[in-house]
Amino acid sequence: MLEEQIPRKTVRQFFSEHVSIIVFLATIIFVIIFSVSTLVTKPRLWIDEAISISIARSFLTHGVLSPQISPNTFFEPPAFIQSTGYPVTISLAGFFKIFGYGIYQARTFMVLWILILLSAVFFLAKKLFSKEQAWGSLLLIASFASFYGSGRTVVGEIPGFAFLLAGFYFLLEKQKYFVAGLLWGLAVVAKPSVFGLIIPAIVVTFLFEWRGFFRKILMLGLGMIPAGLLWILILIPKPFTSETWIGLSNFYKNPFSSSISENVANNLAGFFHSSTLIYFGLFFLLIVGARIILKEEKLKPLFTFTLIYSVLAFIYYLRSPGWLRYILIAELLILFILPKAIALAVSYFKEKFQKISISEKLITSSILGILIVFQFVQMFTVAQVFFGDDDLKMAQYIEEKFPGETIGLLNALELSVLLDPSYSYLTFYNAGLPIVGENPVLMKVPPEVIVTDPNNQFAKAGEKVLREQYVEIPAVHGYSVYTRTKVTK
């Protein structure tokens, strides 16, 4: 009887002593299985991702950090189309060099970034908070649907967030401000539109944490300079002309091609109709309260930064046409520190209501457990992560039906990264940019095949040519296909 009890006790002790690592490994296995099951179809390939993949391919084949729009022709100037920066695109080009080019390889590359980020979340939370709060941070992020909506696609949010957390490790644990600056500089250039906000957030944070303000900001700033200088060197052909910087400034003032005042009014009016904004708005208020009662000096910059950055990200979201992806990093920061904030709130109210006999750890774990279960249920039921494989099917169709023929792609950037650029002619429109590329239909000698999404402006501009020189094959995997019947001289 005694011999039967000893192994059971040992197993219980093992799980009790190693529960954090077990939860971490189980989460990593889940994320891999969950991601691989719909690797290239959920979310579907989309325009920002296609630009990043195209840039990586151009760098691999021609050493050019810009999308290829026709044989040996690239978008100019490249700085205007770098929504995802060189830390992602150049490293992806290296991944392609080793494992070959393709959408499967690109998405696998991003799953690796997801795993890197989750590892950073777990081990930094374990350092800063506690073991229980570390798995809380890990599971809150791993159960958040939007994490996968952006994380699996080739964009800069997840790599940038990994750099941001790594910077906080060196800032809070090592007090190495220059190294933190280096990492934060990489975060900024990984996704300037999102992580550019960390610069004012850092300054305001250290104004609150005023001791050694100038020295800290100086060292952080010096650390961030190399990443910015490299961005200028590889993407700005004429860095010393005022026209270049005026153009960039005008672009970043309004990259949406829409009225900012109307965007702000519409987004404010829709605030209480957005479950995401309400959900994180409540957490934001909780973190405000937690920051007020927080006594650990080491954690104060992290809490202050999260609050300030979240406000700035929300303002940026208000200016946009309602794109919630602009607040993703604020959401991830909130989820990262939420277990600590809940623990602080529970401890505070436990002191106020001392008659409550339930332990603080049990209350905190229960609240976190409910939130994690809620997010997992939401992720597998109502979360809107768009599924699609039309581009993959269309690329296969073109390669089978028209091998070796020249292809004109009208507003089909997603399709272009699945085809050989040496025989593709691409034109597309993206918000905030002028029309990219020459309309293939209007070329002196149009391509043998035209592929277009229905009713776009490029098809309408070339309507006469399409009618007179092409035969239409409509509705092929969401596209219209035209094959040329007459050869113009």
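Relevant structure appears above.
Residues numbered from 1 in each chain as written. Predicted model: local features only at pLDDT ≥ 70, side-chain atom pairs only at ≥ 80, totals over all residues. Heavy atoms only, no water.

Trainee: When you look at the packing of aromatic side chains in this model, what are you seeing that I'm missing?
Mentor: Between two aromatic rings, the relevant description is the distance of the centres plus the angle of the planes. Tallied over the entire structure, the rule returns 34 aromatic pairs. Both rings, one in F213 and one in F214, keep their centres 5.1 Å apart while their planes meet at 75°; by these two values the pair is edge-to-face. A ring pair is formed by F271 and F272, whose centres lie 5.0 Å apart and whose planes are at 75°; its orientation type is edge-to-face. Site record: aromatic cluster; members linked through ring pairs are F30, F34, F147, Y148, F376 and F380. When the ring centre of F34 is taken as origin, the NZ or CZ atom of R152, which lies over that ring, is 4.7 Å away. (Phe/Tyr/Trp six-rings, centres within 6.5 Å; stacked < 30°, edge-to-face > 60°. Lys NZ or Arg CZ within 6 Å of the ring centre and 35° of its normal.)

Trainee: I'm lost on the pairing of strand β6 (residues 470-476) in this one. Help?
Mentor: Each regular strand shows side chains that alternate between the opposite faces of the sheet. Sheet topology places β6 next to strand β7 (residues 479-484); 5 bridges connect them, and they run antiparallel. Among the inter-strand pairings, V476 is bridged to a residue of β7, identified as Y479. Linking two consecutive strands that pair antiparallel, namely β6 and β7, is a turn of 2 residues; a positive phi of about 55° is found at H477 within it. (Pairing = 2+ DSSP bridges. Helix = DSSP H or I, 4+ residues; strand = E, 2+ residues; numbered from the N terminus.)

Trainee: When you look at the side chain of R152 in this model, what are you seeing that I'm missing?
Mentor: Tracing the backbone through its elements, the reader meets R152 in the loop between α7 (145-151) and α8 (157-172). Although buried, R152 forms no salt bridge, and the nearest oppositely charged side chain, E49, lies 10.0 Å from it. Polar side-chain contacts of R152 include one of 2.5 Å to the backbone oxygen of K42. For R152, the contacting residues outside a window of four places in its chain are F34, S35, T38, K42, P43, E49, R107, M110 and I114. (Buried < 20%, exposed > 50% of the residue type's maximum accessible area, 1.4 Å probe, protein only. Lys, Arg positive; Asp, Glu negative; His and termini not counted. Salt bridge = Lys/Arg side-chain N within 4 Å of Asp/Glu carboxyl O. Polar contact = N/O pair within 3.5 Å; in protein donor to acceptor, adjacent residues only side chain to side chain. Contact = heavy atoms within 4.5 Å.)

Trainee: Teacher, can you tell me more about the side chain of S35 here?
Mentor: Inspection of the secondary structure puts S35 in helix α2 (residues 19-37). If near-sequence neighbours (up to four positions away) are discounted, S35 is found in contact with V111, Y148 and R152.

Trainee: Teacher, can you tell me more about the pattern of salt bridges here?
Mentor: Oppositely charged side chains may form a pair once their charged atoms are brought near each other. Under the defined criterion, the tally for this structure stands at 9 salt bridges. A salt bridge links K298 to E173, with the shortest nitrogen-to-oxygen separation between them at 2.6 Å. Placement of K298 in the loop between α15 (275-293) and α16 (300-319) and of E173 in the loop between α8 and α9 (177-190) is noted, with a sequence separation of 125 residues between them. Exposure remark for K298: the relative accessible area of 37% places this residue in the partly exposed category. The partner of E296 in a salt bridge is K340, and the shortest N-O contact between them spans 2.7 Å. Taken as a pair, E296 in the loop between α15 and α16 and K340 in helix α17 (residues 328-352) lie far apart in primary sequence, 44 residues in all. By relative accessible area, E296 is classed as partly exposed at 34%.

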